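# Structural description and commentary
Chain by chain, the residues run as shown.
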Amino acid sequence: MKLFIPKDLPLGQHLQTHVPFNGFEKEKLLYIIHLIVNLPVYNKQLTIIDGFVPISARALQDVFTDYKKYIDYGLQSGLFACDEVYVSNFKCKGYKLLLPYGKHYTIYEVTTFHMQKHLNAQYRKQQKTIKHYRFLEEWFANGLTIDAKAAQAFLEEELALKQGNISLWDFKLVYDYQAIDVTGRKGDYVKQYKQPDLQYQQGMLSMLRLQEGSYGCLISENGKRFHSVLTNMRSVLRNFLTYNGEPLVSIDLKNSQPYLISLLLQPSFWDSQKIKKAKKNKNEREFVCKKPKKAKVLHSFISNTSSTNQLVFPLLHIDLLAIHKCISYFMLLEIKKTLVDTRFDAYIEKVQKGVLYEYLQTLFEAEGIPVTDRKILKSAVFQVLFTPNQFIGQKEAAPKRLFRNHFPEVYAVLKAIKKEQSNLLPLLLQEIESYIMLEVVAKKMRKLHPKVPLFTIHDSIVTTAANQLLVEQVMQEVFTDYVGVPPTLATEALAPEHAAKYLNELREKNTLLAS
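Predicted model, so just to flag it, every value in this text is computed and none were measured. (Residues numbered from 1 in each chain as written. Predicted model: local features only at pLDDT ≥ 70, side-chain atom pairs only at ≥ 80, totals over all residues. Heavy atoms only, no water.)

Per-residue confidence for the chain gives a mean pLDDT of 87, with 90% of residues at or over 70. Throughout residues 284–313 the model reports pLDDT below 50, and contacts reaching past four residues in sequence, or to other chains, amount to 61 contacts. (pLDDT = per-residue confidence, 0-100. Contact = heavy atoms within 4.5 Å.)

Let us now look at the packing of helix α13 (residues 356–366) against helix α14 (residues 374–386). Helix-helix packing is described using two parameters, namely the angle between the two axes and the distance between the axes. Running from N to C, α13 and α14 point in directions that differ by 90°, and their axes come no closer than 10 Å. In terms of orientation, α13 lies roughly perpendicular with respect to α14. Contact residues: Y357, E358, L360, Q361 and F364 in α13; R374, L377, K378, A380, V381, F382 and V384 in α14. Classifying every residue of the contact of α13 with α14 by side-chain character gives eight nonpolar, one polar and three charged. (Axes fitted to C-alpha atoms, helices over the stretch in contact; angles between N-to-C directions. Helix = DSSP H or I, 4+ residues; strand = E, 2+ residues; numbered from the N terminus. Parallel < 35°, antiparallel > 145°, perpendicular 65-115°, else oblique. Nonpolar A, V, L, I, M, F, W, Y, C, P; charged D, E, K, R; others polar.)

Another aspect to go through is unusual backbone geometry. At N244, a position not held by glycine, the phi torsion is positive, near 50°. Among the structural elements, N244 can be located in the loop between β11 (241–243) and β12 (248–253). We classify N244 as exposed; its relative accessible area is 53%. In this structure, N255 is a non-glycine residue whose phi angle is positive, near 50°. By the secondary structure assignment, N255 is in the loop between β12 and α9 (256–264). (Buried < 20%, exposed > 50% of the residue type's maximum accessible area, 1.4 Å probe, protein only.)

This next bit is on helix α5 (residues 113–129). For α5, spanning 17 residues, the distance from its first C-alpha to its last is 25 Å, which sits close to the expected 24 Å at 1.5 Å a residue. If you check which residues of α5 are buried, you get M115, H118, L119 and Q127. Contact partners of the buried residues in α5: β1 (2–6), α2 (26–42), α3 (57–63) and α6 (134–141). (Expected span 1.5 Å × (residues − 1).)

The four strands lie next to each other as β13-β14-β12-β15, forming an open sheet whose pairing is antiparallel. Only two strands of the sheet have a single neighbouring strand rather than two, namely β13 (455–457) and β15 (489–494). The mean inter-strand angle of the sheet, taken between neighbouring strand axes irrespective of direction, is 25°. As paired elements, β12 and strand β14 (residues 460–464) share five bridges and run antiparallel to each other. Opposite L248, over in β14, you have T464 as the bridge partner. (Pairing = 2+ DSSP bridges.)

What follows deals with the side chain of E27. Mapped onto the fold, E27 is located in helix α2. In this structure, E27 is buried with no salt-bridge partner, the nearest side chain bearing the opposite charge being K26 at 8.9 Å. Only 2.9 Å separates the side chain of E27 from the side chain of Y108, close enough to count as a polar contact. A polar contact is formed between the side chain of E27 and the side chain of T112, at a distance of 2.6 Å. Residue contacts for E27: discarding those within four places in its chain leaves L3, Y108, E109, V110, T111, T112 and M115. (Lys, Arg positive; Asp, Glu negative; His and termini not counted. Salt bridge = Lys/Arg side-chain N within 4 Å of Asp/Glu carboxyl O. Polar contact = N/O pair within 3.5 Å; in protein donor to acceptor, adjacent residues only side chain to side chain.)

Laid out in structure tokens, this is it:
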């Protein structure tokens, strides 16, 4: 029942100057301000352009039905602005605060019954999603701390270096179908910049939430991922974390999405009750899908002595995932058809060695597709894997066509998965990743090593440096058993030195630009 509000926001003076409407309740307005400030912290993937934070009108209405009065008051009084951009099922209208405020934040304890009731219900709903993973939440309060003074000094120097110098800003590459590339062709990757002020704000709020015990643990509806204050914290800030004074390490599943595709290439993964219990008349509405029993492992790895490298009997299959409800009987049949008498040796070999990205980069550059850094390479691979099937005919889809030509069997499987629902593949991979990480790795660690601290961050696990080898061993065993291919793990120490190195690189770039 806490709201995080900018400490120096002159709201009291604003309310005196711009008298609100009859029946006005201050906490409702504070809640909207809280959302504008905090949503970027809750969701790092949120697209924020020019500081406008998308806020769902439906979500506001669930809290208080007269929300529009408060939106109108804020806009008319100059408290905040709206971008007026709404795209159905794609983007909500965005809002940003117009009143000047400082760099620090304060906690407002909700007092009105209505708001307390709503926030309590929201908290109970979140807690219900992590009912089977409370043991992961408990580690947060048992000794996870951040050096707030050092982290704040880092954020302040980073902000000072980046302000007014867009060349130093972080960005992510987003494919824009309307952009014109250097050759004059339509369609290109554009940089979506992350504003330094917003990054500073996100960092300060992440630290404050951790210090105040507002861990924000929940399982997302799409992808079934475990979210927390750590998953939403900038990776560079995690270098200031310790656990009861002990240093931490991050153990990452390298190239996780191409790696997890290996599981989708196994026919037994697609064995479903929708096929086994289908009635003879083939009326899809009459198919029965019973809760599957957990599969038993007979053999689940690539044999070094096998000439076929055939994958068999994975522990995980489609009916164990919630997303199986989105996959029709006919799609299952088509996917299984693409797997009959098909081999994926070349792809599996690159994934197993952890060099798929490097191999694709070589292919792209040989065909004249420029790949100047890792971000561009990653974006090109995401285009290959996650754009709709229809996109392959576009001029700008050269990387996708190149992948199809070099890995036609793999492409056929991915095409069948995306045939009915273009975003099914990333959702499927996220749920596979979450299932193995949460349901298997985390629970196995809890059973065998209950005193080892464990913090999951999607495709990585953070633990104390002393327990690094133990966690790596469990991850290796579990992913090999469940995917059929040994994973490539990348372990990195979380230490202030890494943040200092990042700042030093910014200083050097700043000096070069100044000269």
